[in-house]
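Single-letter residue listing:
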Amino acid sequence: MDLTKRFLEFVKFDTQSDELTNMTPSTPGQMEFAKFLKGELEKMNLEDIVLDDNGYLYATLPANIDKKVPTVGFIAHMDTSPDMSGKHVNPRIVSNYDGNDIILNAEKNIVLSPEQFPELLNYIGQDLIVTDGNTLLGADDKAGIAEIMNAVEYLQAHPEIKHGKIRIGFNPDEEIGLGAHKFNVELFGCDFAYTMDGGAVGELEFENFNAASAKVKILGRNVHPGYAKHKMINSIRVANNFIAMLPRWETPEHTEGYEGFYHLVGIEGSVEETVLTYIIRDHDRSRFESRKRELEHLVRKTNMEYPGCCSVEIKDQYYNMREKIEPVMHIIEIAEKAMREAGIEPKVQPIRGGTDGAQLSFKGLPCPNIFAGGENFHGRFEFVPIQSMEKASQVVVNICKIVAL
């Protein structure tokens, strides 16, 4: 099947994940999509196809050479971000993009403009798949799934390209940090793997944030406001003071590169109780630990003024995979060579986020991240150039060839 047609078919599935359900997969649409993909893999006559009860899908393209070479895997996630709806995605193709504004939705005046998104100018003359402004697109990471399947189909059609055993893994719930939790590394059986979950062409990543979530709970005391003097404790106002105590420049909107941050992602409150939800991120492990201690310090400081009112629950989510990749840097060199053979200059950079590969690396499967080609993930301005998806698929093919040399 044509790569573009395959991708457009995939984005029809509503696979938005949900961290509140406590199920795996977290939403039924993901299992529906997994079953569809299983059928597609069966049509491709792949082997060892397994779809488990948690929505993890595995398959094998057998080796076509006799000599023993490493088994390499390619992984992508089926869910889309909870940040915006992925239901009734209505994509369209902007052919031969001319560098001007793209009207996504005239009725709502939603415009994808190079003035706000200058990276658009990198794709003049290319064919962009965009949204209608009402949903995200889903290139994160259905582009990755389509690219992997397209690469496998290409290898099947060209038996003259020699390769070892290739494993495919598609998993749910990456966007809520749970994609690798129930991934069966032993069943997958790879020497190393790559997630196809990066952004623009050339991205190659083996460093990511150390990550934690934090819930700060503030208990107030509600009494009649007419008689509240020296009695009321308004938890919303206490929460506001807590927020203000964190450094204002150490937030996502003020950081880049290796700079970490505190990110307030949610507030639910009343006079009686307020809950602040944060995520904590830093590439450096010592600074990461320091950030967690700072939140605990601010809780103690708040309790000095309002005894017993404030508490925090901090949960580590994932760690920087660099320490697991450095001993096997040849897998980075393989990816770099594969990109250069596809006419791409590798852009090795830290991920300002997470990837299933980080958790998989700590589970014993070294797993750096390669570009899938999309831009502006998690929102209505998401787009993916068709040429970028084609390049990503070509890189997968090249890696398979190089590993077999």
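Above this text sits the structure in question.
The following refers to the structure shown. The model shown is predicted, which means the values in this text are computed figures rather than measured ones.

What follows deals with the overall build of the protein. The helix and strand tally for the protein stands at 10 helices and 17 strands. Taking the principal axes of its C-alpha atoms as reference, the protein extends roughly 85 × 50 × 40 Å. In the protein, the share of contacts with a sequence separation of at least 24, taken over all contacts with a separation of at least 6, comes to 78%. Counting only carbon and sulfur atoms, one obtains 48% of the accessible surface of the protein, whose full area is about 18400 Å². The distance from the centre of the 42 positive side-chain charges to the centre of the 61 negative ones in the protein is 5 Å.

The omega torsion across Thr-24 and Pro-25 is -5°, close enough to zero to call that bond cis. Take Pro-25: it is sitting in the loop between helix H1 (3-10) and helix H2 (28-43). For the peptide bond that leads from Asp-140 to Asp-141, omega is 15°, which places it in the cis range. Tracing the chain through its elements places Asp-141 in helix H3 (residues 139-157). Residue Asn-45 is not a glycine yet carries a positive backbone phi of 60°. Note on placement: Asn-45 falls in the loop between H2 and strand E1 (47-51).

This brings us to the sheet that holds strand E13 (residues 273-282). With antiparallel pairing, four strands are arranged side by side in an open sheet as E12-E13-E11-E14. The open sheet has two free edges, formed respectively by strand E12 (261-269) and strand E14 (310-318), since each of these has just one partner strand. Each neighbouring strand pair of the sheet contributes to a mean axis angle of 15°, computed without reference to strand direction. Across eight bridges, the pairing between E12 and E13 is antiparallel. Paired with His-263 across the bridge in E13 is Ile-279. Across the sheet, helix H5 (residues 235-245) lies against strand E11 (210-219), E12, E13 and E14, angled at about 20° from E13, the strand it touches most. Helix H6 (residues 285-305) contacts E11, E12, E13 and E14 of the sheet and is inclined by roughly 165° relative to E14.

Bringing the pattern of salt bridges into the picture now. For the coordinates displayed, the defined rule picks out 14 salt bridges. Where Glu-326 meets Arg-322, a salt bridge forms, and the shortest distance between an N and an O atom there is 2.5 Å. Since its relative accessible area comes to 33%, Arg-322 is described here as partly exposed. Among the ionic pairs, Glu-345 bridges to Arg-340, the shortest N-O distance being 3.2 Å. Its relative accessible area of 51% is what places Glu-345 among the exposed residues. Judged by its relative accessible area of 45%, Arg-340 falls in the partly exposed class. Through salt bridges with shared partners, one network takes in Glu-250, Asp-282, Arg-287 and Arg-291.

Sheet strands line up and pair through hydrogen bonds in the backbone, either parallel or antiparallel. Ordered by their spatial adjacency, eight strands build an open sheet running E1-E2-E8-E3-E9-E16-E10-E15, and the pairing between neighbours is mixed. The open sheet terminates on both sides in strands that have one partner only, identified here as E1 and strand E15 (347-348). Bridge count for strand E10 (residues 203-205) against E15 is two bridges, and the pairing is parallel. Residue pairing for E15: Glu-203 is matched across the bridge by Lys-347. Set on the sheet, helix H8 (residues 330-341) makes contact with strand E9 (192-198), E10, E15 and strand E16 (369-371); between it and E9 the angle comes to about 55°.

The subject of this paragraph is the nonpolar core. Membership of the largest hydrophobic core comes to 66 residues, with the highest contact counts inside it found for Phe-7, Phe-74, Phe-170, Tyr-194, Ile-370 and Ile-399. Contacts of Ile-370, omitting those with residues within four sequence positions, involve Tyr-194, Thr-195, Met-196, Asp-197, Gly-198, Glu-203, Leu-204, Ala-335, Met-339, Val-395 and Ile-399. Counting residues in hydrophobic clusters, the runner-up holds 19 residues, among them Ala-212, Ala-239, Phe-242 and Leu-298.

Glancing now at the pairing of E11. Direction of pairing for E11 relative to E13: antiparallel, over a ladder of 10 bridges. Looking at E13, one finds that Ala-214 is bridged to Tyr-278. Note that E11 and E14 share eight bridges and pair antiparallel. Within E14, the residue paired with Lys-215 across the bridge is Glu-313.

A word on the environment of Tyr-319. Within the fold, Tyr-319 resides in the loop between E14 and helix H7 (322-325). Judged by its relative accessible area of 23%, Tyr-319 falls in the partly exposed class. Distance in space between the C-alpha atoms of Tyr-319 and Tyr-258 is 14 Å, their sequence separation being 61 residues. Discounting residues that sit within four places of it in the chain, Tyr-319 has contacts with Asn-208, Phe-209, Asn-210, Arg-285, Phe-288, Ala-358 and Phe-362.

Rules used throughout
- Residues numbered from 1 in each chain as written.
- Predicted model: local features only at pLDDT ≥ 70, side-chain atom pairs only at ≥ 80, totals over all residues.
- Heavy atoms only, no water.
- Helix = DSSP H or I, 4+ residues; strand = E, 2+ residues; numbered from the N terminus.
- Contact = heavy atoms within 4.5 Å.
- Areas by Shrake-Rupley, 256 points an atom, 1.4 Å probe, with all protein chains shown as cover.
- Lys, Arg positive; Asp, Glu negative; His and termini not counted.
- Charge placed at Lys NZ, Arg CZ, Asp CG, Glu CD.
- Pairing = 2+ DSSP bridges.
- Axes fitted to C-alpha atoms, helices over the stretch in contact; angles between N-to-C directions.
- Salt bridge = Lys/Arg side-chain N within 4 Å of Asp/Glu carboxyl O.
- Buried < 20%, exposed > 50% of the residue type's maximum accessible area, 1.4 Å probe, protein only.
- Core = buried A, V, L, I, M, F, W, Y, C linked by side-chain atoms within 4.5 Å.

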